[in-house]
2 protein chains.
Amino acid sequence: MSRLWSDHVVGLTPYLPGEQVKLDNMLKLNTNEHPNGPSPRAIEAIRQAANDDLRLYPPVNSLALRQAIATWLKVEADQVFLGNGSDEILAHVFSALFLRSGRPLLMPDITYSFYTTYSTYYGVPTECIPLASDFSIRVSDYTAQREVPPAGIIFANPNAPTGRALTIVDIEAILQANPDTVVVVDEAYVDFGAQSAVKLVNQYDNLLVIQTFSKSRALAGLRVGFAVAQTGLLEALARVKDSFNSYPMDSLALAGAVASVQDHDYFEQQCQIVINAREQLAKDLIELGFEVLPSKTNFLMVSHANHSASELQQALRVQGILVRHFKQSRIDNYLRITVGSPAQCQRLCDSLKVILGRA
Amino acid sequence: MSRLWSDHVVGLTPYLPGEQVKLDNMLKLNTNEHPNGPSPRAIEAIRQAANDDLRLYPPVNSLALRQAIATWLKVEADQVFLGNGSDEILAHVFSALFLRSGRPLLMPDITYSFYTTYSTYYGVPTECIPLASDFSIRVSDYTAQREVPPAGIIFANPNAPTGRALTIVDIEAILQANPDTVVVVDEAYVDFGAQSAVKLVNQYDNLLVIQTFSKSRALAGLRVGFAVAQTGLLEALARVKDSFNSYPMDSLALAGAVASVQDHDYFEQQCQIVINAREQLAKDLIELGFEVLPSKTNFLMVSHANHSASELQQALRVQGILVRHFKQSRIDNYLRITVGSPAQCQRLCDSLKVILGRA
């Protein structure tokens, strides 16, 4: 059938997201969704926006949401770029900012695996730099002078699926050492306790920070992500976006996201709930003999000395609990487990006790 | 600032959608939106879906909507591919199907102007074939044997912004003459009286038909489009889509679209309302001295012998009515006017009478 395909399609290796199953009593701890729902104000705003005005195209510039985010983050509205989930923004970033005269893109060997998919799809020459043995990003790997300065540097902070975070001092060192390199910090999980680089945006014209509504705002079903940068970088993204899809954000997502951003109290309360549950779960898993990487996210990366990760994943699945296992070297004996509600974490630990023969 | 941009970004010429303004008493006849709202069942389904489950990612395969569309169009669910508006699908089509060993893409010189934006963005070599002097697509231009068979042929049917439609016999002739060429028929406006090529999909593995919920289903605010083809073509689209964004459809859009598709009576009634209004408006505009191209869409392409299109557009704007004017040769003396409700059409005609000195 490929006689009718574009030449490059045969070589594509698409990103594989975690399973989305909907079964009674199945506990999904495999895609880092929030255990609780979004702000009730967001739900109410969506219901209000479900009316005959859906016949109209959304506002092209989505100013209301950009303004709400800008107010929250203390930047200007024209420093905010929106996308259909942060994945769409990441895709545009690879196209708009990383295709520069064959210069390489640097990224950790273990990070959000969609980055290598984008590199292949857009033809970005990419160099993967191994994380340190404790799975931290070694800042010096990204500050060393190179003969050809990289076109870009990209990593998640906190990193995924390790959960480990760099400090803002580390990130500033990378920015300073690479003035002609676009540094993209993917902060999908930042609200669970890491330091955001947004406050560096006005000082560094080579910095682009990406966040999402899918994790800390419990709106994965809405598909909303955003980038913050100086307007020069965002203009490149806008040109690519407007060569691709004029209206990637629907009217309901825009309405729900605005209300979510404006509900500060709910947001902070919900982040804290997850942080508390994470700290408790980490203790409980260590108690069960797991090694637990230090996490600033809503998931834990864990490994057990006596049981292989794939064996544990299968055994949990039998008990109706989904967790994520990456068949990638160095982390193939780790499980990435989403932090659920306290009750869900308890169910996980109870199941693990049975599996580990400690019940 | 472009020191930090990808090399190709400087040369991009983004698509420019029609203005989206929201002013009191402004009559928007410039972006071909439906004058009435969507199915009340769609609105209700969205309100129902606005709940705590928004914390979850949407189903990756969107089976419920694909099945609903498949049932409606009498194809299989795996012959339906979904996108964030038909624009997103079109973008993926250019990447997935038209980049074949430098072979050209053929399209009419006057058609949906986003196609040339995609060609530039993805680097698809493109040959624009002039429409006949009556603005119809000359089928023989696309059936003639060429030394290098084209990679693709794309046109809107009915065509935009002309409004003229090819018959299914014409389309079949193009398919038969081009067995190694992907023929993409963009049916954004087909429900307003043209013949759909969907019924040819099972006979021709080189046919891809694209439709949208933005026009006849009055859901432009929801961003839902779909393609119908044999699975071989759709697999190429899926590989590209999964290299770009795993979840382009949000949970609310999926819910609303399913309910819209299932409300057959409302859909057919609303299409007929627009068709009736179009025929009346065409008569009224001819009465006012306009040349009106025959339309199978929810818009009319019109020209006046004594008044330039740009002058008329400006004069209508002063009266609070937006219509679309394309500064493109051959059609720069035409206006594209969306068919509104009977009352809106009346307001348009009343304003034109004043402008033309016939009041």
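Residues numbered from 1 in each chain as written. Chains lettered and ligands numbered in written order. Predicted model: local features only at pLDDT ≥ 70, side-chain atom pairs only at ≥ 80, totals over all residues. Heavy atoms only, no water.

A look at the interface of chain A and chain B
Item 1. Residue-level contacts link 86 residues of chain A with 86 residues of chain B.
Item 2. Buried area between chain A and chain B, summed over both chains or domains, comes out near 7,300 Å², and the portion from carbon and sulfur atoms is 54%.
Item 3. In this structure, the connection of chain A to chain B is made through four salt bridges.
Item 4. For the pair chain A and chain B, the number of links is 61 residue pairs in polar contact (both at pLDDT 80 or more).
Item 5. Here the side of chain A that touches chain B takes eight residues from helix H3 (residues 85-97) of chain A, the largest share from any one element.
Item 6. Partitioned by chemical class, the residues of the side of chain A that touches chain B number 44 nonpolar, 23 polar and 19 charged. (Contact = heavy atoms within 4.5 Å. Buried area = accessible area lost by both parts, 1.4 Å probe. Salt bridge = Lys/Arg side-chain N within 4 Å of Asp/Glu carboxyl O. Polar contact = N/O pair within 3.5 Å; in protein donor to acceptor, adjacent residues only side chain to side chain. Helix = DSSP H or I, 4+ residues; strand = E, 2+ residues; numbered from the N terminus. Nonpolar A, V, L, I, M, F, W, Y, C, P; charged D, E, K, R; others polar.)

Side note on the packing of aromatic side chains
By convention here, two paired aromatic rings are described through the distance between centres and the angle between planes.
All names here are of chain B.
Item 1. Counted by the stated rule, this structure contains 29 aromatic pairs over all chains.
Item 2. Ring geometry for Trp72 and Phe267: centres 5.4 Å apart, planes at 85 degrees, overall edge-to-face. Here Trp72 is found in helix H2 (residues 63-73), whereas its partner Phe267 is found in helix H9 (residues 264-287), with 195 residues between them in sequence.
Item 3. On the basis of relative accessibility, which here comes to 8%, the residue Phe267 falls in the buried class. (Phe/Tyr/Trp six-rings, centres within 6.5 Å; stacked < 30°, edge-to-face > 60°. Buried < 20%, exposed > 50% of the residue type's maximum accessible area, 1.4 Å probe, protein only.)

Overview of the packing of helix H1 (residues 40-49) of chain A against helix H8 (residues 251-262) of chain A
To characterise two packed helices, one gives the angle between the axes of the helices and the distance between these axes.
All names here are of chain A.
Item 1. Orientation of H1 relative to H8, taken along the N-to-C sense of each, is 150 degrees, at an axis distance of 8 Å. Taken together, H1 and H8 sit at an angle that is classed as roughly antiparallel. The element H1 and its partner H8 pack so that their crossing is right-handed. For the pair H1 and H8, the contacting residues are Arg41, Ala42, Ala45, Ile46 and Ala49 in the first and Leu252, Ala255, Gly256, Ala259, Ser260 and Gln262 in the second. (Axes fitted to C-alpha atoms, helices over the stretch in contact; angles between N-to-C directions. Parallel < 35°, antiparallel > 145°, perpendicular 65-115°, else oblique. Left-handed = near helix turned anticlockwise from the far one by under 90°.)

Comments concerning the UniProt feature "domain: Aminotransferase class I/classII large" (unreviewed entry) in chain A
Item 1. As recorded in UniProt, the feature "domain: Aminotransferase class I/classII large" (unreviewed entry) lies at residues 25-352 of chain A.
Item 2. End C-alpha to end C-alpha, residues 25-352 of chain A measures 17 Å, and it is 38% helix and 16% strand. (UniProt positions renumbered as here; feature names shortened; annotations may be inferred.)

Details of the domain arrangement of chain A
All names here are of chain A.
Item 1. As far as domains go, chain A holds domain 1 (2-37 + 265-355) and domain 2 (40-263).
Item 2. Together, the buried faces of domain 1 and domain 2 total about 2,800 Å²; carbon and sulfur atoms form 64% of this surface.
Item 3. Among the residues domain 1 hides against domain 2, the three largest losses belong to Tyr15, Phe267 and Arg330. Together they make up 26% of the total.
Item 4. Applying the counting rule to domain 1 against domain 2 returns one salt bridge.
Item 5. Where domain 1 meets domain 2, there are eleven residue pairs in polar contact (both at pLDDT 80 or more).
Item 6. Looking at the side of domain 1 that touches domain 2, the elements with two or more residues in it are helix H9 (264-287) and strand S10 (299-304).
Item 7. Per-element accounting of the side of domain 1 that touches domain 2 gives the leading share, eight residues, to H9. (Domains from an automatic or database assignment.)

Some remarks on the UniProt feature "modified residue: N6-(pyridoxal phosphate)lysine" (unreviewed entry) in chain A
Item 1. Sequence positions flagged by UniProt for "modified residue: N6-(pyridoxal phosphate)lysine" (unreviewed entry) are, in local numbering, Lys215 of chain A.
Item 2. The exposure class assigned to Lys215 of chain A is buried, which follows from its relative accessible area of 7%.
Item 3. With residues near it in sequence (within four places) discarded, Lys215 of chain A still touches Thr31, Asn32, His34, Ala188, Tyr189 and Phe192 of chain A together with Tyr57 of chain B.

Concerning the side chain of Ser351 of chain B
Residue and element names in this part refer to chain B.
Item 1. Here Ser351 lies in helix H11 (residues 342-355).
Item 2. Residue Ser351 is classed as buried on the basis of its relative accessible area, which comes to 7%.
Item 3. Residues contacting Ser351, with those up to four places away along its chain left out, are Leu316, Gln319 and Ile321.

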